[in-house]
Amino acid sequence: MTLKIERFRARVRLSGDLRSEHLDQVKTELQECGASPVLDLEEVNLADVDGVRFLNACKAKGISVVHCSPYIREWMLRERSRRETTGDKRKKR
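What comes next is a walk through the structure. (Residues numbered from 1 in each chain as written. Predicted model: local features only at pLDDT ≥ 70, side-chain atom pairs only at ≥ 80, totals over all residues. Heavy atoms only, no water.)

Before going further, it helps to spend a moment on unusual backbone geometry. Despite not being glycine, arginine 9 has its phi angle at roughly 55°, a positive value. Topologically, arginine 9 is positioned in the loop between β1 (3-8) and β2 (11-18). The class for arginine 9 is exposed, based on a relative accessible area of 67%. Positive phi outside glycine occurs at histidine 67, with the angle close to 55°. Along the chain, the position of histidine 67 falls in the loop between β4 (64-66) and α3 (70-86). (Helix = DSSP H or I, 4+ residues; strand = E, 2+ residues; numbered from the N terminus. Buried < 20%, exposed > 50% of the residue type's maximum accessible area, 1.4 Å probe, protein only.)

Below, the structure written as structure tokens:
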């Protein structure tokens, strides 16, 4: 499945599967929002590991991530915890 991206003012709404090949386009849309962007994941079905790392990087930058499914939210927490305990300093997106 592909990813549908809709932007309305400061909100970027995603529908479908969040995969690494979509991240540049999502970043561009978030930049177009200006200050205080919101990333709405209500219709995101799946994410790959790069997508989860991207979401964590968004949160770290102060971007609101809303309507996230419980499984993606849990994966984000585990990935953040793993990075903290292993000292993983890979390039943040």
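Past the structure itself, the notes keep going.
Here helix α2 (residues 49-60) contains twelve residues, and its C-alpha end-to-end distance of 17 Å stays within 8% of the 16 Å for a straight helix at 1.5 Å per residue. Of all twelve residues that make up α2, nine are buried, and the element is covered over most of its length. Looking only at α2, the buried set comprises Asp50, Gly51, Val52, Arg53, Phe54, Leu55, Asn56, Ala57 and Cys58. On its buried side, α2 packs onto β2, α1 (23-32), β3 (38-47), β4 and α3. (Expected span 1.5 Å × (residues − 1). Contact = heavy atoms within 4.5 Å.)

Looking now at the packing of α2 against α3. One way to put it is that α2 packs onto α3 with a least axis distance of 9 Å and a crossing angle of 80°. Overall, the two elements α2 and α3 adopt an arrangement that is roughly perpendicular. Here α2 contributes Val49, Val52, Arg53, Leu55, Asn56 and Lys59 to the contact with α3, which in turn contributes Ile72, Arg73, Trp75, Met76, Glu79, Arg80, Arg82 and Arg83. Grouping the constituent residues of the contact of α2 with α3 by class yields six nonpolar, one polar and seven charged. (Axes fitted to C-alpha atoms, helices over the stretch in contact; angles between N-to-C directions. Parallel < 35°, antiparallel > 145°, perpendicular 65-115°, else oblique. Nonpolar A, V, L, I, M, F, W, Y, C, P; charged D, E, K, R; others polar.)

Here the focus is the pairing of β1. Across six bridges, the pairing between β1 and β2 is antiparallel. Bridge pairing in β2 links phenylalanine 8 to arginine 11. Counting the residues that bridge the hairpin from β1 to β2 gives two residues, and of these arginine 9 lies at a positive phi of roughly 55°. (Pairing = 2+ DSSP bridges.)

This paragraph deals with the nonpolar core. Soluble globular proteins tend to bury their nonpolar side chains together. Residues Leu14, Leu18, Val26 and Leu39 are the most contacted members of the largest nonpolar core, which totals 22 residues. Listed by contribution, the elements that provide at least two residues to this core are β1, β2, α1, β3, α2 and α3. The contacts of leucine 14, once residues within four sequence positions are left out, are Leu3, Lys4, Ile5, Val26, Leu39, Asp40, Leu41, Glu43 and Val44. (Core = buried A, V, L, I, M, F, W, Y, C linked by side-chain atoms within 4.5 Å.)

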